[in-house]
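# Secondary and tertiary structure notes
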Amino acid sequence: MAAPATQLARSGRDDPPRTARLGAGPRARRGSGPRQSRLARDRRRTAYLMLAPATVHLVWWIGFPVAATFVLAFLHYDVLAGTATFAGLDNFRAIFADSTWNASIWHTVVFTFFTVPVAMAIAVVLAVLLNNKMRGRAWYRAAIFMPHITATVAIALVWMWMFEPRIGILNTALGWFGVKGPVWLGDPSWALFAVIMVSIWKGVGIKMLIYLAALQAMPQDVYEAAELDGASKARTFWSITLPLLKPATFFVLVVSIIDSFQAFDQLYVLTPDGGPANSTTVMTYEIYSKAFKEFQMGQAAAMSVVLFAFLLVLMLLSRRLTGREDDVR
């Protein structure tokens, strides 16, 4: 029994304490601390230098104009004289007393209400169909996406010919069935509907591409399990595909709403001056008209603030309808 005790005593005398052994590591590595901190500082400095051009561009071309818009909304600004006086809420009272502005709000809401959900529904169906294996699906995808990258003015000019009441292809096709087509862009009852048709056709491609990318990233084992359980294709679509498309739907919805509220070029070309009887006057066109035709910069800025408020409210509502942030991630 003495030998083990002697060995334990020798081991206790010869081996360094445990705390010393544990503390030796940090002390040995202490010399590398300043080097690591310098490396971290260099990396941060490099990151700041690389972000500087984009930050300057963002502040100069977006930050300053946004701030100037909010300031001008509360001023009477004379463009020709270059003078500005405080107006308080006068600009906001003036625009909401303007019947054309109130009508433009309604036209924008109607335009968005019909354009966004219809285009999204068509895009989902096309994405599901083109996600299957079929001959020539790459050509179909390219053909559907092509309008998105085509110049809006060129698209509007082609559709103007198609909407022509006498020789246009739409009224000609309706005539084959004995239906007399309307004066699409010249009738206040049909002008906004015609512009909505063009916007849906132009916007389906990019939405389809986003949904297609989301479908290709989905786990296939879920579909294999549903197939083993005997689920039909319709049941699989409603119970698996649509719930898994929730993040893509939120993104497409937000981008589509912003794009619809900022629609200007196709309306300006298809129906100049707001269309017949201001039937296609939307908020963006009224802002343009108030600023660059009437030179009422204060009222135009107030309209821009109202448009920003509309978009902010709609973004919050769309987030609430499509799910929380944790669900999106």
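Residues numbered from 1 in each chain as written. Predicted model: local features only at pLDDT ≥ 70, side-chain atom pairs only at ≥ 80, totals over all residues. Heavy atoms only, no water.

### Some points on the side chain of Ser256
Put simply, the test is: Under the DSSP-based scheme used, a helix requires at least four consecutive residues in state H or I and a strand at least two consecutive residues in state E, with every element numbered from the N terminus. The buried label applies to any residue whose accessible area, calculated with a 1.4 Å probe on protein chains only, is under 20% of its type's maximum; exposed applies above 50%, and partly exposed to all values in between. Identification of polar contacts relies on pairs of N or O atoms within 3.5 Å, with a donor-acceptor requirement for protein atoms, meaning one able to donate a hydrogen and the other able to accept it, and with residues adjacent in sequence counted only if both atoms are side-chain atoms. Every residue pair with non-hydrogen atoms within 4.5 Å of one another is taken to be in contact.
Looking at where Ser256 falls in the secondary structure, it is placed in helix H12 (residues 246-261). Residue classification places Ser256 among the buried residues on the basis of a relative accessible area of 5%. For Ser256, the side chain forms a polar contact with the main-chain oxygen of Val252, separated by 2.6 Å. Apart from residues no more than four positions distant in its own chain, Ser256 is found in contact with Val116 and Lys207.

### Points about the pattern of salt bridges
For the record, the criterion: One side-chain nitrogen of Lys or Arg within 4 Å of one carboxyl oxygen of Asp or Glu is enough to make a salt bridge.
Scanning the entire structure with this criterion turns up six salt bridges. Two residues, Asp98 and Lys290, come together in a salt bridge whose shortest N-O distance is 3.6 Å. Taken as a pair, Asp98 in the loop between helix H4 (90-96) and helix H5 (99-130) and Lys290 in helix H14 (residues 283-292) lie far apart in primary sequence, 192 residues in all. Judged by its relative accessible area of 19%, Asp98 falls in the buried class. For Lys290, a relative accessible area of 6% translates into the label buried. Here Lys290 makes a salt bridge to Glu294, at a shortest N to O gap of 3.1 Å. The partly exposed category is assigned to Glu294, whose relative accessible area is 40%. When salt bridges that share partners are traced, they join Asp98, Lys290 and Glu294 into one network.

### Concerning the packing of helix H6 (residues 137-149) against helix H9 (residues 191-216)
In plain terms, the rule: Note on geometry: axes are lines fitted to C-alpha atoms, helical ones only across the stretch in contact, with angles between N-to-C directions running from 0 to 180 degrees. For classification, angles of less than 35 degrees are called roughly parallel, those exceeding 145 degrees roughly antiparallel, those between 65 and 115 degrees roughly perpendicular, and all remaining angles oblique. Note: crossing handedness is left-handed where the near helix turns anticlockwise from the far helix by less than a right angle, and right-handed where it turns clockwise.
Contact geometry of H6 with H9 gives a least axis separation of 6 Å together with a crossing angle of 130 degrees. When the interaxial angle is binned, H6 and H9 end up oblique. Considering how the two elements wind past one another, H6 and H9 form a crossing that is left-handed. Mapping the contact onto sequence places Arg141, Ile144, Phe145, Pro147 and His148 in H6 and Trp201, Lys202, Val204, Gly205, Ile206, Met208, Leu209, Leu212 and Gln216 in H9.

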